Amino acid sequence: MTVLRIAAPLAVALLLASPAAAEGDAARGKAKAEQCFGCHGETGNSTMPNIPSLAQQPAAYTFFQLFLFREKLRNVPTMTPFVEGRSDQDLEDFAAYFAGQKLEPDPEPRDDVRFQRGAELSQRLRCASCHGAGYVGQAQMARLAGQREDYTLMALEQYQKNERTGIDTNMTAVIYGLPAADLAALAHYMAQQK
Ligand code: HEC
Ligand code: HEC
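Here is a short report on the structure shown in this document. Because the structure is predicted, anything quoted here is derived from the model rather than measured.

1. Topic: the overall build of the protein
Counting its regular elements, the protein contains 11 helices and 0 strands. Helices (α) and strands (β) of the protein occur, in sequence order from the N terminus, as α-α-α-α-α-α-α-α-α-α-α. Split into buried and exposed, the 194 residues of the protein put 46% on the buried side. A sequence separation of at least 24 residues applies to 72% of the contacts in the protein between residues at least 6 apart. For the protein, the accessible area works out to roughly 10,300 Å², and carbon and sulfur atoms hold 57% of it.

And the structure:
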């Protein structure tokens, strides 16, 4: 069972990440992050399809995702070489650096029909109850506002197909059974948020 398989490593993750781990240091993070910039942008503003922006993500969210990449719980071959062998402190430092950068969204033109549909769905499914008012993220829950639309859509599709289990199974449950057009509407709506 997926839940049980994930539960044990996650308990370890939470222990490691809890009070014992030191605070991230943004300046140190920047110095170590040079090899990230080619894909994610120097200020964490991605200009590349399907590559997420990291600017203004809650540090806890970024830390947990880097941890999941390192432990291959979020198994993305593109990302693995950049986190392999990194200490928890390195991951905290990356997270602190990108959390302190300013997100400069560059959304596609707004499509009123998809925007409206996305607004209705996000109300009904209560996306803000976890992702925060204005969808700016909180704790280990991602900022969605202003994220690249293509990346957000890809992420939603991964959750729906159970290809991304995440720190818990909340996301797969929330969007269970939604048709592809609704996932696209949600991604469009979130990308338009400031
Ligand atoms: C060769 C391109 C590339 C490089 C270099 C790279 N990444 Fe990534 N990164 C990606 C891709 C692609 C994804 C999305 C993977 C997916 O979900 O399929 C990603 C995802 C992430 C995420 C998850 C963001 C989210 O919203 O869930 C974080 C955090 C991240 N990268 C941090 C880093 C850091 C820190 C470095 C440098 C140490 C780095 N990346 C280097 C391509 C890259
Ligand atoms: C019960 C809490 C909860 C609700 C409600 C919720 N989410 Fe999430 N969401 C999470 C958590 C926790 C994560 C991080 C999971 C992980 O580790 O992959 C997440 C991650 C995401 C991501 C990945 C972000 C990234 O940068 O990779 C997207 C996209 C997303 N949620 C969209 C939505 C949308 C759209 C809704 C409403 C339809 C929604 N979420 C409702 C908890 C929630």
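2. Here we look at the coordination of the iron atom of ligand 1
The protein atoms that coordinate the iron atom of ligand 1 are His40 (NE2) and Met79 (SD), at distances spanning 2.0 to 2.1 Å. Metal-centred angles of 85 to 178° between the 6 donor atoms at the iron atom of ligand 1 mark the site as octahedral. Pair noted here: His40 is in helix 3 (residues 34–40) and Met79 is in the loop between helix 4 (59–70) and helix 5 (80–83), with a separation of 39 residues, a long-range link. The buried category is assigned to His40, whose relative accessible area is 11%.

Cut-offs applied
Residues numbered from 1 in each chain as written. Chains lettered and ligands numbered in written order. Predicted model: local features only at pLDDT ≥ 70, side-chain atom pairs only at ≥ 80, totals over all residues. Heavy atoms only, no water. Helix = DSSP H or I, 4+ residues; strand = E, 2+ residues; numbered from the N terminus. Buried < 20%, exposed > 50% of the residue type's maximum accessible area, 1.4 Å probe, protein only. Contact = heavy atoms within 4.5 Å. Areas by Shrake-Rupley, 256 points an atom, 1.4 Å probe, with all protein chains shown as cover. Donors = N, O, S within 2.8 Å, 3.2 Å for Na, K, Ca; no water. Tetrahedral: all angles 85-135°; square planar, octahedral: opposite > 155°, others 65-115°.

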